[in-house]
Amino acid sequence: MRIKSITVRNYKIHRDVTVELDPACTVIGGPNECGKSTLAEAAHRALFLKAKITGETQRSMVSFVPGGQPEVEVCFEAGAKAYRILKRFSGQTGMARLSEVGGTSWQDETAEEQLAKILGVGLAGGGRGAGDRAAQQWAHLWVWQGQAGNNPAEQANAQRDTLMARLQSTGGAAVMQSELDAEVARSFAERFESIFNRNGSPRANSDLGSAAQRNQDTAAEEVKARETYDRLHQTIFDYEQAGADQATADRSLGLLKPQKEEVEAKLKRVDELQRDEKLQSTEAETGSRKHKDLSDADQRIKALRTDIQVRRRALEPKIAEAERIRGVADKKKRAAQTASANHEAATEAARTARLQKELAIAYEVLFEKTAQHKQFAEKAERVRSERSARSGLEADLAKLPPVDSAKYKKLQKLDAERSIAEAALHATAARIEVIKAAVAVKADEAVLAIGVDHLVAEDTELAIGDIARLRIKPGGGTSLADARETVRITKVKLQDSLDKLGLASLDAAAGALADRERIQAQIRDSDIRLSTLGADSIDQEVSAAQLALSNAQGEVDRRKEQVPDFAAPADLAKAKELASGLGEALQEKELNERSLKGVRDQAVSISEQAEEEAVTCRTSVDEGNREIDAAGIELGVLTRTHGEDEARARELAWLLELKTNAEEGLRATRTALNALQPDLLNADRARLERAVNQALKEKEEATMKLAVARDRLSSDGTADPAAGLATAEARARSAREQLANEQRRAKAVQMIRDLFFDEQRKLSEQVTRPLVERVSGYLQCLFGADAQAVISLEENKFTGLHVARPDREISACPFDELSGGAKEQVAAAFRLAMAEVLAETHDGCLPLVFDDAFAYSDPERVQILQRMLDLAATRGLQIVVLSCNPADYAALGARQVILRPQPVPMGASSIGQPAPNAAAPHQTRGSNETTLVDVLDSRTHLPGTESADRHGQFLARLRELGGKAGNMTLRNTLGWDEATYNSIKDQLLAQGRILPGKGKGGSVHLASAEVAAESPPAAGLPGSDFSTHTAPITIDDKRI
Amino acid sequence: MSIKFIHTADWQQGKPFAGVDDDQKRALLQQERLNVLDRIGEVARSHKAEFVLVAGDLFDSPSVTKYFVSGACSAIGRMGVPVLAIPGNHDHGGPGSVWEQRFFQSEARQLAPNLQVLLKPELVELDRAVVLPCPLLRRHESSDPTSWLRACPDLSRYGDKARVVLAHGSVQGFGAGAADDEDSGAGVPNLIDLSRLPEADMDYLALGDWHGTKQVGHKAWYAGTPELDRFVKGGDHDPGNVLVVSAERGGLPTVQPVRTCRFGWHELVHSFAADADLTQLEASLNSLTGARAGQDLLRLDLRGSLSIQASVRLESLLETWRARLLRLKLSNETVIAPSEAEIQALTQRASDPLISRVAARLVELAAGNAEDAAAAQMALRELHAATLQH
């Protein structure tokens, strides 16, 4: 089927326009609102909408300009025949006429039916929704504006039957699943889903799930039953074990008891023996000790007796000797006493002599000291007088000026200098001598003595009374003055020195000096005398002499008392003489004393020696006697204690016997004890006690266990663990088998379902292959040689379209995830492919109308997709592209028809008035030049509220901007995207409501009418102030 | 002096029949074990037996529940003759045994004064016989329970009273053993060495443990269980009787088995070579049980292969038999091997390409030996069913 031309009359914007379509490719261009879509819609309605349509659909077609009913005429070819369908949509009076060129005609309903038949569609029918239903016809071929990006699979499903039939016939005898196929497959899928969850686990409420649950439950029950059963048997085992343990313990006890008794008996015997042993041991010890004691005492008595006898005999000679020595000693003592008395008398004599002599010497000393003291006293007196004289001299000296020879010499020198100076002055100066004067002669007020030379050493006024005044001017220049100054100075110096010394003159100085020297010499003499006298030590010497004198006096006084009858000597000589005589007497007496002392010492020594000897001898005798006494005492005691000899002897014999008997008994007892091995017996007893206790404990435990087990075993008879276990086992087994069955069954269901899925997939691949290949072919035009389409078909329904682009590593991108532009392009590819498949029942051709179908595609892609469109055209499809940018399709090599609104002079037209150029259609074909084809006496028209709103916004904003604005500025302030802006701008430009400005980037300004308008039209409703902007439409038809 | 008595054993009262899923059926099986006691009483009366000997395993468990204690005591009481029993391995004496339980003792006193449980290996003198009991006092006696009889006690003072040994355990080559899942309690047999017993001094050995009736010596018999409690294996096995024994001092006993069992325990192995064999199976089953329901148990081993349709029919057949039988113990190793026609019907459906393809792949999978094969076979059956349903 191929559309040749479309003629539209009184249809919305169009008054009467005819567009010829190229058999292959036509681009219908023109600005927005020039009626492109309207044209496409009209053609579609001519083909599919009943002419007698009423209601809103019908009303929407009515021309904006009164003057006739909407009419559409479409010429087309189908089945190698040419047809013309003419429909007038006038409601109930609507008319349809189908005529085969050069052949039959059909009218109205028949025409509708025949047309549907030719087009291969069902009758759309009338009534409510007829318009919408009709619009769905050939929706896969008619891409309405704004629907280009819809998923084409839906369209494909709408054409499914036809499409499948075509695909089966073209897909290499591809077969389709039957309804039964689908039903059975579905039933198994449902059964699978009723058995399994999405995650593959069995559903709880499925047979498999219940079987699994039952299996689990019965397994748990089995475990429980087995536990119960095992517990029973364990208890029985425990009972038996406890019984055995009890018996074992009893047996042990039976064996242990006699052993223990035997040990106990032996231990008792040991005890007895040990007691005996102790007793016997004590007895033996006592007997032995007593015997020994008595025996010892007996021995001792005998020994003592012997001892005493021996000692007595030995002492007798010692006693005699002691008495003899005693006599000797007494005699020697008496001799010593005599010698001592002699010596004492001699000593006394010597002492007396010594005292006398000492006294005589003391007198001698006293006399000497008296003489010395007198001597020193005299010398001291001389010193005193000398010192007194010297003091007088010093006082004299102190009265004299302190002139010494040096000072005097200095004075002499000063005087000499003065003399020299005066001499020099005299030699130089003039001298005046008054020889005689009646009146006083004054020189410088000083009265000159008569006859005295008055030295004039300087200018001097000489007054002679009042008579004359003379000035004497001595010669010699300055030397005179110098000389006079020298004199003065030397005089002063001399005088000063004299003053200091308190001297009147140099002579006085000489006298004073002489006095001083004389006195000083006298002082020096005095000093020498004092020194000779030893003046410095004289006082000490006097004191010392005094002391010595006193001492000597004391000595004499003291000694005088010792020698009462001593005749004191008169002087020193007599004293010396006395002392000497007494010395000799003393020597004699001392010699006598020493001799007597020797005699005495000898006698004393002998006496002492004899005494010592006597004492020693006596001591020895005393010692011997004491020992004998002691022995005697001991002997007495022993005899009293142990009896006399006879009694003692009897006692001894008895004790010996006692001791011997006791020792023998002890030995026997010990032998018996050793034989019993008491240490081992004790260990045995401990061991056996342990063993018995252990056995008792075991027995007790066993008894207890026995009781517990017996208690447990006393069944209440309500349950039989053995039967319970058997039942549980059987149930578990049965559940396992059932589960296995269900699993097998579920597996079978899954297997069938999977196989159905698999086969369905294969079938769908086979069926869709021709379509896939065609879609891919178109996609390759767009996306390169690798692009592939993937089409899913499930249960004969198209369920998905994917695009694979290996070059971009996209394995299969679902259609819905493609970008807006890509959606349009891929959908177009799919439609083309589908049309291609379907076209085979339409003489190999079907028209495809793309109304603004690539709005989201970028210019570059629009260029590329022309390859795809061209490929479709070359494959026999009729391509019709409606675009407001026909230039974009320049490369398509299509016929281009431009619908153009004709500018209308301002205020020239109004509703109901035809445009001046309204004329009969004029057609030109096959020309490459643009030709004005038709001018419609129609006003432009805004199709919808949205568009009108935007117009209003555009104009209002432009007005706000002062009626003129750059495109960029205006678009930014409107906040629109470029496409919208350009679209609305183009529309307004076309309407002449705005005019293009100059400058780069472009600008627009309001048309004068819009400048004048106070407010923009609200929604572009018919009948509003549109009247001022109506524009006729022209059509350019050209073949590029 | 001849004496007649009943020798029975292995009553196994209170056996759980755990393998039977249906509670009601299980109760029936348990109840029948009590019911058979009345039939034994009947045999005793009709044969004028002077007493009944139970050679062990009167109860199935040493901890049997009260119901079976009461039931058994009541039935024993009704027998009207002395009943002498020894504990066997299932109801062994000793600690925790049923014999020690107060309830049993009380019930025995009240309901079965004629019952004498011989818990000691001590001679029991009756009016006209002496009984030499060999009770099992624990589940597994390590020593021969009859060993006390080897050096035979001096029995001369009992004159011509028949001497009857009462024992429970296995003799060489015979014993209960672990027959099947119904006897999970069995284990190592308690071995009895008959050869070591002074045969001349004994007049009859009443043995228990082996559930079939079986003579194992000149004077030694297993009575077997009076009512079957398990599927038997192979031949030489004749359970479901009691023995009417006539014995006398120094003579050989006369033994007459009398059938007492009611329920049929059947075994059938059937191999399918063709679908037609299914009909044969049906016939076999019918011949086994006739028109009875609720009285038979069947162990059925199925092998071979069936078509899908036949296997579906088999399923429905088995359902029927499951209802009729007290128990169907099925071991079904039948392979579903779709027939050519079935395969064709599934795989060559011109109108349903998908089903055809899936079926073809399943046929391929089912032919293998892998784990998947069984699932694939089942899947084929499911798919087959689905194509019929939709």
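Here the structure is a predicted model, which is why all the values come from computation and not from measurement. (Residues numbered from 1 in each chain as written. Chains lettered and ligands numbered in written order. Predicted model: local features only at pLDDT ≥ 70, side-chain atom pairs only at ≥ 80, totals over all residues. Heavy atoms only, no water.)

Peer 1: Any details on the overall build of chain A? Residues and values, ideally.
Peer 2: Helix and strand content of chain A: 22 helices and 25 strands. Buried residues in chain A amount to 41% of all 1040 residues. Of the contacts made within chain A by residues no fewer than 6 positions apart, 73% connect residues no fewer than 24 positions apart. For chain A, the exposed area adds up to about 55200 Å²; of that, 50% sits on carbon and sulfur atoms. (Helix = DSSP H or I, 4+ residues; strand = E, 2+ residues; numbered from the N terminus. Buried < 20%, exposed > 50% of the residue type's maximum accessible area, 1.4 Å probe, protein only. Contact = heavy atoms within 4.5 Å. Areas by Shrake-Rupley, 256 points an atom, 1.4 Å probe, with all protein chains shown as cover.)

Peer 1: Describe in detail the side chain of B:Asp57, supporting the description with residues and values.
Peer 2: Residues and elements named next belong to chain B. Position of Asp57 among the secondary structure elements: in the loop between β2 (51–54) and α2 (66–79). Buried charge without a salt bridge: Asp57, with Arg230 as the nearest opposite-charge side chain at an N-O distance of 6.9 Å. Side-chain polar atoms of Asp57 contact the side chain of His168, separated by 3.2 Å. (Lys, Arg positive; Asp, Glu negative; His and termini not counted. Salt bridge = Lys/Arg side-chain N within 4 Å of Asp/Glu carboxyl O. Polar contact = N/O pair within 3.5 Å; in protein donor to acceptor, adjacent residues only side chain to side chain.)

Peer 1: Now, about the sheet that holds strand β12 (residues 254–259) of chain B: what can you tell me, with residues and values included?
Peer 2: All names here are of chain B. Strand order in the open sheet formed by 6 strands is β4-β3-β2-β1-β11-β12, with mixed pairing between adjacent strands. The sheet terminates laterally at β4 (115–117) and β12, the two strands that pair on one side only. Strand after strand, the sheet turns through a mean of 25° between neighbouring axes, direction not considered. With 6 bridges connecting them, strand β11 (residues 241–248) and β12 associate as antiparallel partners. The residue of β12 that forms the bridge with Asn241 is Arg259. Sitting on the sheet, helix α1 (residues 23–46) is in contact with β1 (2–8), β2, β11 and β12, with an inclination near 170° to β1. (Pairing = 2+ DSSP bridges. Axes fitted to C-alpha atoms, helices over the stretch in contact; angles between N-to-C directions.)

Peer 1: Got a sec to walk through the packing of helix α16 (residues 721–783) of chain A against helix α18 (residues 859–874) of chain A? Specific residues and values, please.
Peer 2: All names here are of chain A. Between α16 and α18, the shortest axis-to-axis distance is 8 Å and the interhelical angle comes to 150°. Regarding the angle of α16 to α18, the classification is roughly antiparallel. Crossing geometry of α16 relative to α18 is assigned as right-handed. Note on element contacts: α18 touches α16 through Arg861, Ile864, Leu865, Arg867, Met868, Leu871 and Ala872, opposite Gly777, Tyr778, Cys781, Leu782 and Phe783. (Parallel < 35°, antiparallel > 145°, perpendicular 65-115°, else oblique. Left-handed = near helix turned anticlockwise from the far one by under 90°.)

Peer 1: Describe the packing of aromatic side chains, naming the residues involved and giving the relevant values.
Peer 2: Here the distance between the centres and the angle between the planes together describe a pair of aromatic rings. In this structure the tally under the stated criterion is 18 aromatic pairs over all chains. For the ring pair A:Phe188 and A:Phe756, a centre distance of 6.4 Å and an interplane angle of 20° mean the geometry is stacked. Placement of A:Phe188 in helix α7 (residues 179–195) and of A:Phe756 in helix α16 is noted, with a sequence separation of 568 residues between them. Comparing A:Phe188 with A:Phe756, the two get one shared label, buried. Both rings, one in B:Phe17 and one in B:Trp265, keep their centres 6.1 Å apart while their planes meet at 35°; by these two values the pair is tilted. On the criterion of sequence distance, the pair formed by B:Phe17 in the loop between β1 and α1 and B:Trp265 in strand β13 (residues 264–272) is long-range, its members being 248 residues apart. For the pair formed by B:Phe17 and B:Trp265, the shared burial category is buried. In this structure, A:Arg875 packs its charged tip against the face of A:Tyr778, placed 5.3 Å from the ring centre. Seen from the ring of B:Trp321, B:Arg324 lies directly overhead, with NZ or CZ sitting 5.0 Å from the centre. (Phe/Tyr/Trp six-rings, centres within 6.5 Å; stacked < 30°, edge-to-face > 60°. Lys NZ or Arg CZ within 6 Å of the ring centre and 35° of its normal.)

Peer 1: Describe the nonpolar core, and please don't skip the residues or the numbers.
Peer 2: Counting 107 residues, the largest nonpolar core has A:Leu47, A:Phe76, A:Leu771 and A:Ile879 as the members making the most contacts within it. The element best represented in this core is helix α17 (residues 820–839) of chain A, accounting for 13 residues. Setting aside anything within four residues of it in sequence, one finds A:Ile879 in contact with A:Ala24, A:Cys25, A:Thr26, A:Leu832, A:Leu848, A:Phe850, A:Leu869, A:Ala872 and A:Ala873. Core analysis: the next-biggest nonpolar cluster, separate from the first, contains 34 residues, A:Leu180, B:Ala359, B:Leu383 and B:Ala386 among them. (Core = buried A, V, L, I, M, F, W, Y, C linked by side-chain atoms within 4.5 Å.)

Peer 1: Residue-level account of unusual backbone geometry, with values.
Peer 2: A positive phi angle, close to 60°, is found at A:Asp843, a residue other than glycine. One can find A:Asp843 in the loop between α17 and β18 (847–851). One non-glycine residue, B:Asp57, lies in the positive phi region at around 60°.

Peer 1: Lay out the pairing of strand β2 (residues 14–20) of chain A in plain terms, naming residues and giving numbers.
Peer 2: Residues and elements named next belong to chain A. Among the 7 residues of β2, 5 are classified as buried, and the element is accordingly described as predominantly covered. Pairing geometry for strand β1 (residues 2–11) and β2, over 6 bridges, is antiparallel. Pairing of Thr7 across the sheet is with Thr18, part of β2. Here β1 folds back onto β2, and the loop between the two strands holds 2 residues, one of which, Lys12, carries a positive phi near 50°.

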